[in-house]
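A look at the structure
So you can see what is in the structure, the chains are spelled out below.
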Amino acid sequence: MDASDFIIPPPGLIPDAPAAPPPTTERAAPRRVERSLPSFTPVAPPAAAPPTAPTPAADEDAQAPTAGHPPAPHLTQTPAESGARLAWRLTAPGLDLVVDRRVVLGRAPAIERAGQVGRTIAIDDPARTVSKTHAVIEPSGGGLEVTDLHSTNGVRIEWPDGSWLDVENGATARIDGPADLLLGEYRIAVAGTTASTV
């Protein structure tokens, strides 16, 4: 083929090829992404609880008081005469009794309900709030112990300072000074005396 057979385009009709970028040896730095961490508030450790005082041992002969009405301490009466034996007198309408041994009280007390020991004292209670076999009373260590024999209307001890104690069914409580003893609604005054005066 002869060179005269080729058509040569006029200048500027065909654009020039873009120049290739010069080769680089450097690598592009990686793109840094910044992220914020969640904020938090440090929590202080819980304060240690203050040490609690040791609980005093409960008196085995004492009954726990009803909540809100703890009995105040009552001192045991001492006999007026030196060496005289302390006894306890129970007084109420139709009742005047010196307790020098175990006694079972009720409208018609049965000694079998009280363990076959002691004497029975019948209480005339027109209101009939006293059970047939209501309570046992016995001297103990200069005081009196009162045991509720699962009575219907309960046993309560009231002291002159206004404090009082409801004796739970079947439980025993102690009287160490002047007090009122309620068997149901029947009120008995309890006072110390000496055996030589009765």
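Residues numbered from 1 in each chain as written. Predicted model: local features only at pLDDT ≥ 70, side-chain atom pairs only at ≥ 80, totals over all residues. Heavy atoms only, no water.

Going by what an unreviewed UniProt entry lists, the protein is known as FHA domain-containing protein and is assigned to Agromyces sp. G08B096.

As paired elements, strand S3 (residues 103–106) and strand S5 (residues 135–140) share three bridges and run antiparallel to each other. Each residue of the ladder has a partner; that of Leu105, found in S5, is Ala135. In terms of strand pairing, S5 meets strand S6 (residues 143–148) through six bridges, oriented antiparallel. When the bridges of S6 are listed, Ile137 appears paired with Val146. Following S5, the chain reverses through two residues before pairing antiparallel with S6; Gly141 in that reversal takes a positive phi of roughly 55°. (Pairing = 2+ DSSP bridges. Helix = DSSP H or I, 4+ residues; strand = E, 2+ residues; numbered from the N terminus.)

Take the packing of aromatic side chains next. In the structure shown here, the tally under the stated rule is zero aromatic pairs. For Arg156, the ring lying beneath its charged end belongs to Trp164, and the centroid distance is 4.0 Å. (Phe/Tyr/Trp six-rings, centres within 6.5 Å; stacked < 30°, edge-to-face > 60°. Lys NZ or Arg CZ within 6 Å of the ring centre and 35° of its normal.)

A separate point is the nonpolar core. Counting 30 residues, the largest nonpolar core has Leu90, Leu105, Leu181, Leu183 and Ile188 as the members making the most contacts within it. With four residues, strand S1 (residues 86–92) is the single largest residue contributor to this core. Here Leu183 is in contact with Leu105, Ile123, Thr129, Val130, His134, Ala135, Gly154, Val155 and Ile188, once residues within four sequence places are set aside. (Core = buried A, V, L, I, M, F, W, Y, C linked by side-chain atoms within 4.5 Å. Buried < 20%, exposed > 50% of the residue type's maximum accessible area, 1.4 Å probe, protein only. Contact = heavy atoms within 4.5 Å.)

Here we take up the sheet that holds strand S10 (residues 179–183). The pairing of strands in a sheet comes from backbone hydrogen bonds and takes either a parallel or an antiparallel form. Pairing is antiparallel in the open sheet, where six strands are placed in the order S2-S1-S11-S10-S7-S8. What marks the edges here is a single partner per strand, and that holds for strand S2 (95–99) and strand S8 (164–167). Each adjacent strand pair in this sheet contributes to an overall mean axis angle of 25°, direction not counted. (Axes fitted to C-alpha atoms, helices over the stretch in contact; angles between N-to-C directions.)

Turning our attention to the pairing of S3. Side chains Val103 and Leu105 of S3 all project onto a buried face; the interleaved residues Val104 and Gly106 project onto the opposite face, where all are buried too. Sheet topology places S3 next to strand S4 (residues 119–122); four bridges connect them, and they run parallel. From the neighbouring strand, Gly106 faces S4, where its bridge partner is Ala122.

Attention now goes to the sheet that holds strand S9 (residues 172–175). The strand order across the open sheet built from five strands is S4-S3-S5-S6-S9, with neighbouring strands paired in mixed fashion. Bordering the open sheet on either side are S4 and S9, each of which pairs with just one other strand. Averaged over all neighbouring strand pairs, the angle between strand axes comes to 25°, with direction disregarded.

Counted under the stated rule, the structure contains seven salt bridges. Measuring nitrogen to oxygen at the nearest pair gives 3.5 Å for the salt bridge that ties Glu138 to Arg102. Highlighted residues: Glu138 in strand S5 and Arg102 in the loop between S2 and S3, separated in sequence by 36 residues. A relative accessible area of 24% places Glu138 in the partly exposed class. Judged by its relative accessible area of 21%, Arg102 is partly exposed. In this structure, the salt-bridge partner of Glu158 is Arg156, at a minimum N-O distance of 3.8 Å. Residues joined by salt bridges that share partners form a network here, namely Arg156, Glu158, Asp166, Asp180 and Arg187. (Salt bridge = Lys/Arg side-chain N within 4 Å of Asp/Glu carboxyl O.)

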